[in-house]
Amino acid sequence: EKGGYKHFMLKEINEQPRAIADTISGNLQWFESGKVEGIEPEEVERITVVACGTSYHAGLIGKFLFENLAKIPTEVDYASEFRYRDPIVKNRDLVISITQSGETADTLAAMRLAKERGAKVLTICNVIGSTATREADTVIYTYAGPEISVASTKAFTTQLTVLLLLALCFGRRRGKLGQREFDSLFKELMSIPSKAEAFLNREKEEERVKEIALKLYRAKNALYLGRHVNYPIALEGALKLKEISYIHAEGYPAGEMKHGPIALIDETVPAVFLATKSPVYEKVLSNIEEVKARKGRVVAVVNPGDSAVSKLADFKIEVPETHPLLSPVLNVIPLQLLAYYIADFLGYDVDQPRNLAKSVTVE
Ligand code: F6R
């Protein structure tokens, strides 16, 4: 059942190339026709994403995608907060709920409120026939397959895949995305499964992550830092570590560091940076310099051929290069593995972390 892997989490991390490919092909029909059932992208004035946990992090990345590619103002809310703040929802709003299980109580309640207030509700969901899929006006499935490990991995990268497809589709329909940019982004998305596969099949890189885990597993605190579209990946990396290794970790946008969290840095607090090629690369580089100046230990996720960050970092992990807007899908994989190996070294029950349930069906 675990396909030769020690834990479901490791199996599911390794299933990601297949899961992403299936999610693209499973959604090709509507994507190629340029029509999402029940939605007129030209008429959408605003998108609000509601979700919890890892799915919420996917939503934060969705904001960049919808705003960048389709020019639709997008808000992202914790589903558990949405309904208690008397949200402004109008009938030209599209509310997108993201939920692996389709049974998260807070997310369902947020969907119901949005519907009551006249919005269209689209759900991005992994479980066929779940409550979210029965209640939403429109359903788009991720094809991750059953996710057994409590810590979500392949559900997340397939949610990002759907968000990319949606943002591309909306961008083209609204005339905000030229044919060339559309084609080149879609082509790049199609190459993500093989790039993820290349990373996961490189034993050297996995050994690297294990080595880093061995150096870090005694830490009591860790910081995860990224910018722009990789800031939510910093949040997700920190969440993975917290959940399964019980090490306190915080994710931050790297530029916010000097407004507080930099006070935490010393030689005992590792900082994990997302530093792949992007328009904010130089900015991330100077944030790394700030950490090194305070004797922090730096782990950097970089692209092959990187030199500036690699010179400063204590440890580096190389992931294949892609378009910056797609980079979260690849960059999260080493962070999933890092959390996994740290928890495994600590001897914890990776698939069943304490205090957590796979789907949170109570408020
Ligand atoms: C994190 C994790 C949780 C879920 C959250 C939402 O690894 O598994 O944070 O992401 O409980 O669950 P769904 O997506 O099923 O609504």
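Before any of the text, the structure's been laid out above.
Residues numbered from 1 in each chain as written. Predicted model: local features only at pLDDT ≥ 70, side-chain atom pairs only at ≥ 80, totals over all residues. Heavy atoms only, no water.

Asks: Could you clarify how one ought to interpret helix H4 (residues 53-70) in this entry?
Replies: Because each turn of an α-helix spans 3.6 residues, side chains separated by three or four positions in sequence point in the same direction. With 18 residues, H4 extends 25 Å between its outermost C-alpha atoms, agreeing within 8% with the 26 Å of an ideal straight helix rising 1.5 Å per residue. Among the 18 residues of H4, 13 are classified as buried, and the element is accordingly described as predominantly covered. (Helix = DSSP H or I, 4+ residues; strand = E, 2+ residues; numbered from the N terminus. Expected span 1.5 Å × (residues − 1). Buried < 20%, exposed > 50% of the residue type's maximum accessible area, 1.4 Å probe, protein only.)

Asks: Before we go on, may I ask you to explain the sheet that holds strand E6 (residues 221-226) in this structure?
Replies: The strand order E7-E6-E8-E9-E10 describes an open sheet built from five strands, whose pairing is parallel. In the strand order of this sheet, the two ends are held by strand E7 (248-253) and strand E10 (315-318), each with one partner. Mean inter-strand twist for the sheet, computed between neighbouring axes without regard to direction, equals 20 degrees. Examined bridge by bridge, strand E9 (residues 297-302) and E10 share four bridges and lie parallel to one another. Across the sheet, Val302 pairs through a bridge with Glu318, a residue of E10. (Pairing = 2+ DSSP bridges. Axes fitted to C-alpha atoms, helices over the stretch in contact; angles between N-to-C directions.)

Asks: What should I look at first to understand the site of the ligand in this one?
Replies: Taken together, 13 residues are adjacent to the ligand, and Ser55, Thr99, Gln100, Ser101 and Thr104 come closest. Here Ser101 contributes a side-chain N or O atom positioned 2.7 Å from an oxygen atom of the ligand. Separating an oxygen atom of the ligand from a side-chain N or O atom of Glu243 is a distance of 2.8 Å. In isolation the ligand offers 400 Å² of accessible surface; the protein chains occlude 90% of this area. Broken down by secondary-structure element, the contributors of at least two residues to the shell around the ligand are H4 and helix H11 (231-245). For the shell around the ligand, the leading source of residues is H4, giving three residues. The class makeup of the residues in the shell around the ligand is three nonpolar, eight polar and two charged. (Near = heavy atom within 4 Å. Polar contact = N/O pair within 3.5 Å; in protein donor to acceptor, adjacent residues only side chain to side chain. Areas by Shrake-Rupley, 256 points an atom, 1.4 Å probe, with all protein chains shown as cover. Nonpolar A, V, L, I, M, F, W, Y, C, P; charged D, E, K, R; others polar.)

Asks: Just checking my understanding: could you explain the sheet that holds strand E4 (residues 120-125) for this structure?
Replies: One key point about sheets: their strands pair by backbone hydrogen bonds, in either a parallel or an antiparallel sense. Pairing is parallel in the open sheet, where five strands are placed in the order E2-E1-E3-E4-E5. With one partner strand each, in any of the chains shown, strand E2 (74-78) and strand E5 (138-141) form the two edges of the open sheet. Direction aside, neighbouring strands of the sheet carry axes that sit 20 degrees apart on average. Here four bridges tie E4 to E5, and the two strands are oriented parallel to one another. Bridged to Cys125 within E5 is Tyr141.

Asks: Hey, could you run me through the environment of Ala254 in this one?
Replies: Counting through the fold element by element, Ala254 comes out in the loop between E7 and strand E8 (270-274). As a C-alpha pair, Ala254 and Asn287 span 33 residues in sequence and 6.4 Å in three-dimensional space. Apart from residues no more than four positions distant in its own chain, Ala254 is found in contact with Leu225, Gly226, Arg227, Phe273 and Asn287. (Contact = heavy atoms within 4.5 Å.)

Asks: Got a minute to help me understand the packing of aromatic side chains in this structure?
Replies: One pair of aromatic rings is described through two measures. These are the centre distance and the angle between the planes. Applying the stated rule across the entire model yields eight aromatic pairs. Taking 6.1 Å as the distance between ring centres and 75 degrees as the angle between the ring planes, the aromatic pair formed by Trp30 and Phe31 counts as edge-to-face. Taking relative accessible area as the criterion, Trp30 reaches 15% and is therefore assigned buried. Here a set of aromatic residues connected by ring pairs shows up, and it is made of Trp30, Phe31, Phe182 and Phe186. Against the face of Phe182 rests Arg172, its NZ or CZ located 3.9 Å from the ring centre. Lying across the ring of Tyr246, Arg354 places its NZ or CZ 3.8 Å from the centre. (Phe/Tyr/Trp six-rings, centres within 6.5 Å; stacked < 30°, edge-to-face > 60°. Lys NZ or Arg CZ within 6 Å of the ring centre and 35° of its normal.)

Asks: When you look at the packing of helix H2 (residues 16-26) against helix H9 (residues 179-201) in this model, what are you seeing that I'm missing?
Replies: The relative placement of two packed helices comes down to the angle between their axes together with the axis-to-axis distance. As a packed pair, H2 and H9 sit with axes 8 Å apart at the nearest point and diverge in direction by 165 degrees. In terms of orientation, H2 lies roughly antiparallel with respect to H9. Once H2 is placed against H9, the crossing between them reads as left-handed. Listed contacts from H9 to Pro17, Ile20, Ala21 and Ile24 of H2 are Phe186, Leu189, Met190, Ile192, Pro193, Ala196, Glu197 and Leu200. Residue classes in the contact of H2 with H9 are distributed as 11 nonpolar, no polar and one charged. (Parallel < 35°, antiparallel > 145°, perpendicular 65-115°, else oblique. Left-handed = near helix turned anticlockwise from the far one by under 90°.)

Asks: It is not clear to me how the pairing of E8 should be interpreted in this structure. Could you clarify?
Replies: The two faces of the sheet receive side chains in turn, since in a regular strand these alternate between them. Taking burial as the measure, the five residues of E8 include five buried ones, the bulk of the element. As paired strands, E6 and E8 are joined by three bridges and run parallel to one another. Each residue of the ladder has a partner; that of Leu225, found in E8, is Phe273. Looking at chain direction, E8 and E9 are connected through five bridges and run parallel. In the sheet register, Ala271 faces E9, and the bridge partner there is Val298. Since E8 and E9 lie parallel, the crossover through helix H12 (residues 281-292) that links them has a hand, and here it is right-handed. (Right-handed = clockwise from strand over helix to strand, strands pointing away.)

Worth remembering: the numbers are spatial, not functional.
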